Amino acid sequence: MSGAALGIEIVFVFFLALFILHRYGDFKKQHRLVIIATLLAWYLCFLIVFILPLDVSTTIFNRCKLAVNSSPPENNNNGSDTTLAPRKQKCVKPWSYIPDGIMPIFWRVVYWTSQFLTWILLPFMQSYARSGGFSITGKIKTALIENAIYYGTYLLIFGAFLIYVAVNPSLSLQWNQLQTIGIAAANTWGLFLLVLLLGYGLVEIPRSHWNGAQRGYLLMKTYFKVAKLMTEKADAEENLEDIMEEVRKVNESIKYNHPLRKCVDTILKKCPTEYQERMGRNMDDYEDFDEQQNNYPSEKSLVKLHKQVIYSVQRHRRTQVQWRILLEQAFYLEDVAKNETSATRQFVHTFQFQEPENKIIRYFYTPTVEWYWECLLRPWFYRILAVVLAIFSVIVVWSECTFFSTNPVLSLFAVFIQLAERTYNYIYIEMACFLTIFFLSICVYSTVFRIRVFNYYYLASHHQTDAYSLLFSGMLFCRLTPPLCLNFLGLTHMDSSISHKNTQATAYTSIMGSMKVLSFIADGFYIYYPMLVVILCIATYFSLGTRCLNLLGFQQFMGDCEMTSDFIDEGKELIRREKRKRQRQEEGENRRREWKERYGNSREDSTRNRNVHTDQKESSFSETNTNRSVSKYTRSNGRTERDRIELLQDAEPLDFNADSVTDDPLESDSSGRYQPGGRYLSMSRSRIFDDV
């Protein structure tokens, strides 16, 4: 099993990162380089989290071997020398033992690759992806200009640390020390952001699971999201219309022989299909452009317009998909509320699933099983999970405030690891380390997935995340993971700089280098700054950030706010309207299906007779009445079936009562002029039976 655990985890983590990326990214539409770069960043960060427990168990085994080899022999009563046999028996090689020399090389490759991605490649690709240039050279130039200030800030921070080392007479500038300064600068930036995200996740994750057990709370919050998303959806549609109007003007002004016509064609390809058809290129206009005129847009303005088109189309598509998903979620929560009082104990859905369900899932997940899970078991499961997560959060907060104390050891995670180290229970050590770092990672990474910086950074599921947000998330992961692992090693006292013991360090710590070069960071910032997590947890518990955003005009869900109540009422009305609209659609489909089943067979013979009579006069009618629908009938049986279906669809009995009128005035205009009596002028009896 030597090295087998490492290989298994490497393969497993790759498919895990690929699965999560597939949920948020779009492999078909987004550029392959964006997908590969984001996948590599996520994969390396997840890999560090999963492999670090193996490094801890291997280090403990190496410490045991070192202690046995360095222990002096003991003299018994007979005068013979014997070694510590019980001590040797305890040093059993763990099942996941990794041979010497592999872990240092592995960590060095993983760490420096992730740092190259986060500080150099991914920022450049971000600017390249958002650039509106029409050529590779233009996009590269824009990316370099945008990242000039970005890279300059890093050089300034690194230069400050470099000057500190140069001025200090007790320190000499060597390559290892310069490398340590760079690592310290990167970890300092990452630790500063890590504590902020960790303080939010330690409170919000248990609270969200506790609130998930309350059906009324989830339904009210969904209503609030519906009303808020409706506003964003309308704004995205209006923004898209404005951008498309500018594209239309540019398309009309720049003719076919203009030098910038290729740029316009590139912009048109990024527009939605309906707008492309509406703004089709007019090839009949051969008017030459006049170079003396100044009303032609410049290439710089076209680059800006191209960038706006990409952003507006992505935003419009994302809001449309999120709207459909949120409607399904609201309908399902309303169904859960209705089925809680069901006497049959079978879950009944108001609407059928639009997508075909897996037969295997439906075989085991029957309506009865669904009712017991949704109405009885799931609330209790979420409550128990919330309590367990809350206990973990309390342990993390306590350990963050006391991990620097080595005598006595106050960090609970360090106590657990040291107790397991005495008995050399490697499975327990690896499980304890994995659960600890996994919980810390969930608190930090889930916050990265939840936060939203206006519309510039937003990780939207169901393949709706743009390239800029994917690359930005990869940058954050690569910057947060190294300080997260160092913080974990400090909590468990596996870092010699924290435990102050002259023992063998882990391979990961050896790659980070000794922070004694910068003592004010190693002995000050790294130890006392994590205590700030207590203040952040208190602020998150009382929702101070949410209240501040609400005061600034960014509507947030708050139970004691009048604005929240207004949004909930608006969301209820929107859901009620969408439900009526979908019910009318299903009723129309059911009536059409019943009409075809009831009258389809009885009309088949009469339709066939009419076809025979029509075929005899086909030549005369095709010359004089080409516009009439009689010419549709042919000798083929397929054409006969299609004509019969069209006739049945036109003859569908429609109900135009006041309750069934569609809420969208555009839909009523598209089907004809509506009269107060409840009938359309286009739906007259003579037109229905024109073919007869």
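Since we're looking at a predicted model, the values are computed, not measured.

S.K.: Could you clarify how one ought to interpret the overall build of the protein in this entry?
M.R.: From N to C terminus, the protein includes 27 helices and 4 strands. Here the protein holds 692 residues, and 40% of them are scored as buried. Nonlocal contacts in the protein, meaning residues at least 24 apart in sequence, comprise 76% of its contacts between residues at least 6 apart. Carbon together with sulfur atoms contributes 59% to the accessible area of the protein, which is approximately 39,100 Å² in total.

S.K.: What's the story with the packing of aromatic side chains in this structure? I'm lost.
M.R.: Pairs of aromatic rings are described using the distance from one ring centre to the other and the angle between the two planes. This model, assessed by the stated rule, comprises 34 aromatic pairs. Both rings, one in Phe106 and one in Trp107, keep their centres 5.3 Å apart while their planes meet at 65°; by these two values the pair is edge-to-face. There is no split in this pair, since Phe106 and Trp107 are both buried. Among the aromatic residues, those joined into a cluster by ring pairs are Tyr24, Trp42, Phe46, Tyr445, Phe449 and Phe477. Residue placement shows Arg479 over the ring face of Trp119; its charged tip is 4.2 Å from the ring centre.

S.K.: Just to check I follow, could you spell out the side chain of His258 for this structure?
M.R.: With respect to the element layout, His258 can be found in the loop between α8 (215–253) and α9 (261–270). Reaching out from His258, the side chain makes a polar contact with the backbone nitrogen of Leu260 at a distance of 3.0 Å.

S.K.: How should I be thinking about helix α16 (residues 467–491) in this particular structure?
M.R.: Owing to its 3.6 residues per turn, the α-helix aligns residues three or four sequence positions apart on the same side. Helix length check: α16, at 25 residues, gives a terminal C-alpha distance of 36 Å against a target of 36 Å (1.5 Å per residue), a fit within 8%. Helix geometry: α16 is bent most strongly at Thr481, by close to 25°, with proline Pro482 lying one to four residues after it. Most of α16 sits out of view: 23 of its 25 residues are buried. Directly after α16, the chain includes His493, whose backbone phi takes a positive value near 60°.

S.K.: Please clarify how the packing of helix α4 (residues 102–130) against α16 should be interpreted in this entry.
M.R.: Between two packed helices, the angle of one axis relative to the other and the distance separating the axes together describe the packing. Across the interface, α4 lies against α16 with an axial gap of 9 Å and an inter-helix angle of 160°. Compared by their axis directions, α4 and α16 come out roughly antiparallel. Taken as a pair, α4 and α16 cross one another with a handedness that is left-handed. Contacts between α4 and α16 involve Tyr111, Ser114, Gln115, Thr118, Trp119, Leu122, Pro123, Met125, Gln126, Ala129 and Arg130 from the first element and Ala467, Tyr468, Leu471, Phe472, Gly474, Met475, Cys478, Arg479 and Pro482 from the second. Across the contact of α4 with α16, the residue classes break down as 13 nonpolar, 5 polar and 2 charged.

S.K.: Before we go on, may I ask you to explain unusual backbone geometry in this structure?
M.R.: Leave glycine aside and you will find that most residues have negative phi; peptide bonds, for their part, are mostly trans. A cis amide bond links Asn407 to the next residue, Pro408, at an omega of 5°. Relative to the assigned elements, Pro408 resides in the loop between α13 (367–402) and α14 (412–423). The backbone of Tyr424 shows a phi angle near 55°, a positive value even though the residue is not glycine. Take Tyr424: it is sitting in the loop between α14 and α15 (426–450). On the basis of relative accessible area, Tyr424 is assigned to the buried category, the value being 11%. In this structure, His462 is a non-glycine residue whose phi angle is positive, near 60°. On the secondary structure map, His462 appears in the loop between β4 (457–458) and α16.

S.K.: Is there a simple way to think about the nonpolar core in this case?
M.R.: As a rule of thumb, nonpolar side chains are buried together in soluble globular proteins. Formed by 100 residues in total, the largest nonpolar core has its most connected members in Trp42, Trp107, Leu202 and Tyr508. Here this core gets 22 residues from one element, more than from any other, and that element is helix α2 (residues 32–70). Apart from the residues lying within four places of it in its own chain, the contact partners of Trp42 are Ala17, Ile20, Leu21, Phe449, Leu470, Ser473, Gly474 and Phe477.

S.K.: How do you make sense of a negative patch on the surface when you look at a structure like this?
M.R.: Together, Glu238, Glu241, Asp242 and Glu246 make up a region of like negative charge exposed at the surface. Within the element layout of this structure, Asp242 appears in helix α8.

S.K.: What is the right way to look at the pattern of salt bridges in this model?
M.R.: Once the charged atoms of two side chains with opposite charge are near each other, the side chains can pair. As enumerated under the stated definition, the model contains 12 salt bridges in all. Residues Arg207 and Glu204 are paired through a salt bridge, measuring 2.9 Å at the closest nitrogen-oxygen approach. With Arg207 and Glu204 both in helix α7 (residues 175–212) and 3 residues apart, the pair spans about one turn of that helix. Residue class for Arg207 comes out partly exposed when judged on its relative accessible area of 23%.

S.K.: Would you take a moment to explain the environment of Asn550 for this structure?
M.R.: On the secondary structure map, Asn550 appears in helix α21 (residues 544–551). The class for Asn550 is buried, based on a relative accessible area of 19%. When the C-alpha positions of Asn550 and Cys561 are compared, they lie 9.3 Å apart, and in sequence the two are 11 residues distant.

S.K.: Whenever I open this one, a nonpolar patch on the surface confuses me. Can you help?
M.R.: On the surface, Val453, Phe454, Tyr456, Leu549, Leu552 and Phe554 cluster together into a nonpolar patch covering about 610 Å² of accessible area. Its relative accessible area of 64% is what places Leu552 among the exposed residues.

S.K.: What exactly am I supposed to notice about the UniProt feature "coiled-coil region" (unreviewed entry) in the protein here?
M.R.: Within this numbering scheme, the UniProt entry marks residues 226–253 as carrying the feature "coiled-coil region" (unreviewed entry). Secondary structure across residues 226–253 comprises 100% helix and 0% strand; the distance between its end C-alpha atoms is 40 Å.

S.K.: So what exactly am I meant to see when it comes to the state of the cysteines here?
M.R.: Working definition: the covalent bond between the sulfur atoms of two cysteines is a disulfide. Scanning the model with the defined rule gives 0 disulfides in all. Here Cys478 stays free of any disulfide, with the sulfur of Cys45 as its closest cysteine sulfur at 3.8 Å.

S.K.: Would you mind showing me how to read the confidence of the model for the protein here?
M.R.: Where the model shows low pLDDT, its predicted coordinates should not be examined in detail. When pLDDT is averaged across the protein, the result is 79; 78% of the residues are at 70 or more. Confidence drops under pLDDT 50 across residues 79–89; counting only partners more than four residues distant or on other chains, this segment forms 16 contacts. Per-residue pLDDT stays below 50 along residues 282–286; that stretch engages in 3 contacts with residues further than four places along the chain or on separate chains.

S.K.: Honestly, the environment of Gly190 in this entry has me stumped. Any pointers?
M.R.: Looking at where Gly190 falls in the secondary structure, it is placed in helix α7. Counting along the chain gives 290 residues from Gly190 to Leu480, while the straight-line C-alpha distance between them is 5.0 Å. Those residues in contact with Gly190, other than ones at most four positions away along the chain, are Arg479, Leu480 and Pro483.

S.K.: Explain the side chain of Asp495 to me, please; I cannot follow it from the model alone.
M.R.: Here Asp495 shows up in the loop between α16 and α17 (496–499). Aside from chain neighbours lying at most four places away, what touches Asp495 is Leu489, Gly490 and Thr509.

Thresholds applied
Residues numbered from 1 in each chain as written. Predicted model: local features only at pLDDT ≥ 70, side-chain atom pairs only at ≥ 80, totals over all residues. Heavy atoms only, no water. Helix = DSSP H or I, 4+ residues; strand = E, 2+ residues; numbered from the N terminus. Buried < 20%, exposed > 50% of the residue type's maximum accessible area, 1.4 Å probe, protein only. Contact = heavy atoms within 4.5 Å. Areas by Shrake-Rupley, 256 points an atom, 1.4 Å probe, with all protein chains shown as cover. Phe/Tyr/Trp six-rings, centres within 6.5 Å; stacked < 30°, edge-to-face > 60°. Lys NZ or Arg CZ within 6 Å of the ring centre and 35° of its normal. Polar contact = N/O pair within 3.5 Å; in protein donor to acceptor, adjacent residues only side chain to side chain. Expected span 1.5 Å × (residues − 1). Bend = angle between axes of the 7 residues up to and from the residue. Axes fitted to C-alpha atoms, helices over the stretch in contact; angles between N-to-C directions. Parallel < 35°, antiparallel > 145°, perpendicular 65-115°, else oblique. Left-handed = near helix turned anticlockwise from the far one by under 90°. Nonpolar A, V, L, I, M, F, W, Y, C, P; charged D, E, K, R; others polar. Core = buried A, V, L, I, M, F, W, Y, C linked by side-chain atoms within 4.5 Å. Patch = residues over 30% accessible without salt bridge, like charges linked within 9 Å, V, L, I, M, F, W, Y side chains within 5 Å. Salt bridge = Lys/Arg side-chain N within 4 Å of Asp/Glu carboxyl O. Lys, Arg positive; Asp, Glu negative; His and termini not counted. Charge placed at Lys NZ, Arg CZ, Asp CG, Glu CD. UniProt positions renumbered as here; feature names shortened; annotations may be inferred. Disulfide = S-S within 2.5 Å. pLDDT = per-residue confidence, 0-100.

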